[in-house]
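# Descriptive analysis of the structure
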Amino acid sequence: MTEPATTPPPGCPAHRGAAPLYGPRFQTDPGQVYRELRAAHGPVAPVELAGGVPAWLVIGYRELQLVTSQPKIFGRDSRRWNAWPSIPEDWPLRPMMAAVPSVLYAEGSEHQRRSAAITEALAAVDPYELKTYCERVADRLIDDFAGRGEADLVAEYAHRMPLLVLCWMLGLDPSQVPVLIQGLLDMLDGGANAQQGAQRLIALMTELVEAKRARPGADVTSRLLVHPAGLTDDEVIRDLRVLLIAGHQPTAYWIANALRLMLTDERFAASLSGGRRSVGQALTEALWEDTPTQNFAGRWAIRDTQLGGQKIAEGDMLLLGFAGANADPAVRSPDGSAPEGNHAHLSFSHGEHRCPFPAQEAAEVIAATAIEVLLDRLPDLGLAVAEHALVWRPSAWVRALVALPVSFTPAANTGGGAFR
């Protein structure tokens, strides 16, 4: 395998004092990395991706809002990237950066057309049906391990819960979940299987669109295919892939991170048996302190500009540092803690490319239901290992546990039956 480019573009400023945005430090204490970057460089820091590839990491709250709300200065189309000539075809992170004809990289009126179709298709999901289906999925998943008295809540629950619900929303067969999970993880980890994972997702979405063209249903995919925006099959395929990635990964890790908080923080201890702080408070705090999407690629400078005291050249890549921006002292309490009950975090991004509001609502219903049903079914749930033994995924992009082993008193099966 050819090694990624190790020589930065001529005159690239990002390699002067740049910090690597990879390695074991992100696995153990990413917050410390962001604090060091802020102290050394301010709200916009020069960083280096695997293979010596340069970028700017935006970790200032106000600066991130500016980048995401100024599309005439910071564009979404990655074809503007000035580093492409030095990026090899087999660079592991290429699937995350390469522009594809999806709503994710669309700009202007084209983005508005496709984003509106997605928002309206998601808004048509009946909230009562969604909540009811989430409860059924949660019960069915818990049935699979309730009698054992132990489980890994990442692999057996948090990963599966949102994807099964998304399958229902999009009209996918739940039997595709294992393939979807593996494809998503391969792509997000940015390893040797990243490009194969991306290809598997496209193949599954192609099969789904073909099936819904032949036999429409009451699902998001069918609504997209007949929307007045006139989306082509290829546009729907690409945008469904975006929906799956954006809907599954953050929600799955949101569930796991909130559960970890409730199982390890004494402020939430009584909640496991019906006391103190609520599930909603845990979910909000998890977004401030351990937001699932830590960093995101990104925006590309349309012209030379300045941001956070840094000179940004035309074509430079800017990574959206959601975790760093959420930790900006300018928006934190004097003691450094997250403002309690405040939903002004940037975990759903900002500006016209932010997560659509119906998608945010659906994610919260999925996450809250997952935790509420779990705690109701298994009230004496507890960690099966010491807190320090929990391992985080080695990724600068997501904040996610490898596993969340728990133990509990074995419980009876509810007899929930199949998902459909």
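If you're wondering where the values come from, they're calculated on a predicted model, not measured in any experiment.

With that out of the way, let us pick up the overall build of the protein chain. A count of helices and strands for the protein chain gives 16 helices and 11 strands. Taken over C-alpha atoms, the radius of gyration comes to 21 Å for the protein chain, in line with the 22 Å a tight globule of 420 residues would show. C-alpha extents for the protein chain along the principal axes are approximately 65 × 55 × 40 Å. Counting the 420 residues in the protein chain, one finds 55% classified as buried. At a minimum sequence separation of 6, the contacts of the protein chain that also span at least 24 residues come to 72%. Per element, the accessible surface of the protein chain, about 17500 Å² overall, is 53% carbon and sulfur.

We now examine unusual backbone geometry. Residue Gly298 is bonded to the preceding Ala297 through a cis peptide linkage, with omega at -10 degrees. Relative to the elements of secondary structure, Gly298 occurs in strand 6 (residues 296-301). Of note in the backbone geometry, Ser349 takes a positive phi value of approximately 70 degrees without being a glycine. Considering the arrangement of structural elements, one finds Ser349 in the loop between helix 15 (322-326) and helix 16 (357-377).

Spatially, the three strands line up as an open sheet ordered 5-11-10, and their pairing is antiparallel. At either end of the open sheet lies a strand with only one pairing partner, and these are strand 5 (150-152) and strand 10 (382-383). Across two bridges, the pairing between strand 10 and strand 11 (residues 405-407) is antiparallel. When the sheet's bridge partners are listed, Gly382 is paired in strand 11 with Ser407.

One finds Leu153, Tyr157 and Met161 to be the most contacted residues of the largest nonpolar core, which totals 83 residues. Here the element with the most residues in this core is helix 12 (residues 233-264); it accounts for 15 residues. If sequence neighbours within four positions are ignored, Tyr157 has contacts with Ala138, Leu141, Ile142, Phe145, Asp152, Ala370, Val373 and Leu374. By size, the runner-up hydrophobic cluster in this structure holds 33 residues, among which are Val33, Val53, Ala55 and Met96.

Tallied over the entire structure, the rule returns 24 salt bridges. Close ionic contact of Arg399 with Asp290 constitutes a salt bridge, the shortest N to O distance being 3.0 Å. One end of the pair, Arg399, is in the loop between strand 10 and strand 11; the other, Asp290, is in the loop between helix 14 (279-289) and strand 6, and 109 residues separate them in sequence. With respect to burial, Arg399 and Asp290 carry one shared label: buried.

Take helix 16 next. With 21 residues, helix 16 extends 30 Å from end C-alpha to end C-alpha; this agrees with the ideal 30 Å at 1.5 Å per step. Of all the 21 residues making up helix 16, 15 are buried; the element is thus mostly covered by neighbouring parts of the structure.

A separate point is the packing of aromatic side chains. In total, this model carries seven aromatic pairs according to the counting rule given. Both rings, one in Phe145 and one in Tyr157, keep their centres 6.2 Å apart while their planes meet at 90 degrees; by these two values the pair is edge-to-face. Taken together, the positions of Phe145 in helix 6 (residues 127-146) and Tyr157 in helix 7 (residues 154-158) put the pair 12 residues apart, joining distant regions of the chain. Accessibility assignment for this pair places Phe145 and Tyr157 in one class, buried. Taken together, the ring pairs connect Trp81, Trp84 and Trp91 into an aromatic cluster. In this structure, Arg76 packs its charged tip against the face of Tyr105, placed 4.6 Å from the ring centre. Cation over ring: Arg399 sits above Trp392, and NZ or CZ is 3.6 Å from the ring centre.

Let us look at the sheet that holds strand 3 (residues 53-58). Strands in a sheet are paired, the pairing made by backbone hydrogen bonds, and the direction either parallel or antiparallel. Read from one edge of the open sheet, six strands run 1-2-3-9-6-4, paired in mixed fashion. Every other strand in the sheet has two partners, leaving strand 1 (19-20) and strand 4 (74-75) as the edge strands with one partner each. The pairing of strand 4 with strand 6 spans two bridges and is antiparallel. Within the sheet, the bridge partner assigned to Phe74 lies in strand 6 and is Ala301. Where helix 3 (residues 61-69) meets the sheet, its contacts fall on strand 2 (44-49), strand 3, strand 4, strand 6 and strand 9 (317-320), and the angle it forms with strand 9 comes to roughly 120 degrees.

We now examine the pairing of strand 6. Most of strand 6 sits inside the fold, with five of its six residues counted as buried. Direction of pairing for strand 6 relative to strand 9: antiparallel, over a ladder of four bridges. In the strand pairing of strand 9, Arg299 is matched with Leu318.

This prediction gives the protein chain a mean pLDDT of 89; 90% of its residues lie at or above 70. For the stretch residues 1-11, pLDDT sits under 50, and the model shows 20 contacts to residues farther than four places along the chain or on other chains.

Evaluation of the coordinates by the stated rule reveals zero disulfides. Between Cys134, a free cysteine, and Cys167, which holds the nearest cysteine sulfur, the sulfur-to-sulfur gap is 13 Å. You can call Cys134 buried: its relative accessible area is 0%. Here Cys355 is not cross-linked by a disulfide; its sulfur's nearest cysteine counterpart is in Cys134, at 15 Å.

Parameters at a glance
Residues numbered from 1 in each chain as written. Predicted model: local features only at pLDDT ≥ 70, side-chain atom pairs only at ≥ 80, totals over all residues. Heavy atoms only, no water. Helix = DSSP H or I, 4+ residues; strand = E, 2+ residues; numbered from the N terminus. Rg over C-alpha atoms; globule rule 2.2 N^0.38 Å. Buried < 20%, exposed > 50% of the residue type's maximum accessible area, 1.4 Å probe, protein only. Contact = heavy atoms within 4.5 Å. Areas by Shrake-Rupley, 256 points an atom, 1.4 Å probe, with all protein chains shown as cover. Pairing = 2+ DSSP bridges. Core = buried A, V, L, I, M, F, W, Y, C linked by side-chain atoms within 4.5 Å. Salt bridge = Lys/Arg side-chain N within 4 Å of Asp/Glu carboxyl O. Expected span 1.5 Å × (residues − 1). Phe/Tyr/Trp six-rings, centres within 6.5 Å; stacked < 30°, edge-to-face > 60°. Lys NZ or Arg CZ within 6 Å of the ring centre and 35° of its normal. Axes fitted to C-alpha atoms, helices over the stretch in contact; angles between N-to-C directions. pLDDT = per-residue confidence, 0-100. Disulfide = S-S within 2.5 Å.

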